[in-house]
Amino acid sequence: MLLSWLLSDTWLMSVPARVADVLLMAVTLWLASRWCRSKQGTFGRALLVSALNGVLGIGLYALFVWVRDTGALPWRNPLWLIEMFLIAQTVLFAVLILVAYRCDRWRSINVTLVAVLLTAIVEAKLIFLVSVRAPHAGGK
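Notes on the structure in this doc start here. (Residues numbered from 1 in each chain as written. Predicted model: local features only at pLDDT ≥ 70, side-chain atom pairs only at ≥ 80, totals over all residues. Heavy atoms only, no water.)

### Regarding the packing of aromatic side chains
- Per the counting criterion, the structure on display carries 1 aromatic pair.
- Positioned over the ring face of Tyr-101 is Arg-45, at 6.0 Å from the centre of the ring. (Phe/Tyr/Trp six-rings, centres within 6.5 Å; stacked < 30°, edge-to-face > 60°. Lys NZ or Arg CZ within 6 Å of the ring centre and 35° of its normal.)

Okay, here's the thing in structure tokens:
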């Protein structure tokens, strides 16, 4: 989620970044549902939830770009907007998982927590690798 935000300067980068995000989140959600022994642990369901999150994330990204460009909300530091986007996208992903896996009752909460945690770990590692491998990519 955050990696696609960082790579979304142009449409040429935005589309592959979003596709990579959808696939990454689908795999992590599928692994989380398998690990939590969900009755609805198919890859198709995980891909559907991740694709819906990706589409809604594009709208969320457009909203945050509008906020950044118009100055509708003042932010406290340079990373505030990115942090708010990551929080909103993560909450959206968690809500979509809870809705999609609602028939599992308590397991849906476990699947949500594990999937969000796995996604955060993978993205933190990717962002760390990007910052170590290409520190000049930030435009500085």
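We are not done yet, so read on.
### Here we look at the nonpolar core
- If you look at the biggest cluster of nonpolar residues, it comprises 14 residues, and the most contacted ones within it are Leu-29, Val-49, Phe-93, Ile-97, Tyr-101, Val-111 and Ala-115.
- The element that contributes the greatest number of residues to this core is helix α4 (residues 80–100), accounting for 4 residues.
- Among residues more than four places away in sequence, those in contact with Ile-97 are Leu-29, Val-49, Val-111, Thr-112 and Ala-115. (Core = buried A, V, L, I, M, F, W, Y, C linked by side-chain atoms within 4.5 Å. Buried < 20%, exposed > 50% of the residue type's maximum accessible area, 1.4 Å probe, protein only. Helix = DSSP H or I, 4+ residues; strand = E, 2+ residues; numbered from the N terminus. Contact = heavy atoms within 4.5 Å.)

### Observations concerning the environment of Arg-34
- Relative to the helices and strands, Arg-34 resides in helix α2 (residues 11–35).
- Accessibility expressed as a relative area gives 54% for Arg-34, which makes it exposed.
- Arg-34 sits 77 residues away from Val-111 along the chain, and the two C-alpha atoms are 8.7 Å apart.

### Thoughts on helix α3 (residues 43–70)
- For α3, with 28 residues, the first-to-last C-alpha span of 40 Å sits near the 40 Å given by 1.5 Å per residue.
- Looking only at α3, the buried set comprises Ala-46, Val-49, Ser-50, Asn-53, Gly-54, Gly-57, Leu-60, Tyr-61, Phe-64, Val-65 and Val-67.
- Gly-71 lies just past α3 and shows a positive phi near 70°. (Expected span 1.5 Å × (residues − 1).)

### What about the packing of α3 against α4?
- The interhelical angle for the contact between α3 and α4, taken along N-to-C directions, is 150°, at an axis separation of 9 Å. Our classification of the angle between α3 and α4 gives roughly antiparallel. Every pair of crossing elements has a handedness; the one defined by α3 and α4 is right-handed. Two secondary-structure elements touch here, α3 through Arg-45, Val-49, Ser-50, Leu-52, Asn-53, Leu-56, Gly-57, Leu-60, Tyr-61, Phe-64, Val-67 and Arg-68 and α4 through Leu-81, Met-84, Phe-85, Ala-88, Gln-89, Leu-92, Phe-93, Leu-96, Ile-97 and Ala-100. (Axes fitted to C-alpha atoms, helices over the stretch in contact; angles between N-to-C directions. Parallel < 35°, antiparallel > 145°, perpendicular 65-115°, else oblique. Left-handed = near helix turned anticlockwise from the far one by under 90°.)

### Overview of a positive patch on the surface
- A cluster of basic residues, Arg-37, Lys-39, Arg-105 and Arg-107, forms a positive patch at the surface.
- Inspection of the secondary structure assignment puts Lys-39 in the loop between α2 and α3. (Patch = residues over 30% accessible without salt bridge, like charges linked within 9 Å, V, L, I, M, F, W, Y side chains within 5 Å. Areas by Shrake-Rupley, 256 points an atom, 1.4 Å probe, with all protein chains shown as cover. Salt bridge = Lys/Arg side-chain N within 4 Å of Asp/Glu carboxyl O. Lys, Arg positive; Asp, Glu negative; His and termini not counted. Charge placed at Lys NZ, Arg CZ, Asp CG, Glu CD.)

### A short note on α4
- Under the 1.5 Å per step criterion, the end-to-end length of α4 is 30 Å for 21 residues, consistent within 8% with the ideal 30 Å.
- All of the buried residues in α4 are Trp-80, Leu-81, Ile-82, Phe-85, Gln-89, Thr-90, Phe-93, Ala-94, Leu-96, Ile-97 and Ala-100.

### Comments concerning unusual backbone geometry
- Although it is not a glycine, Arg-37 adopts a positive phi angle of roughly 55°.
- Structurally, the position occupied by Arg-37 is in the loop between α2 and α3.

### Here we look at the environment of Thr-42
- For Thr-42, the position within the fold is in the loop between α2 and α3.
- Here the alpha-carbon distance between Thr-42 and Trp-30, two residues 12 residues apart in the chain, equals 6.7 Å.
- The residues touching Thr-42, leaving out its near neighbours within four places in the chain, are Trp-30 and Tyr-101.

So yeah, pure geometry; function would need other evidence.
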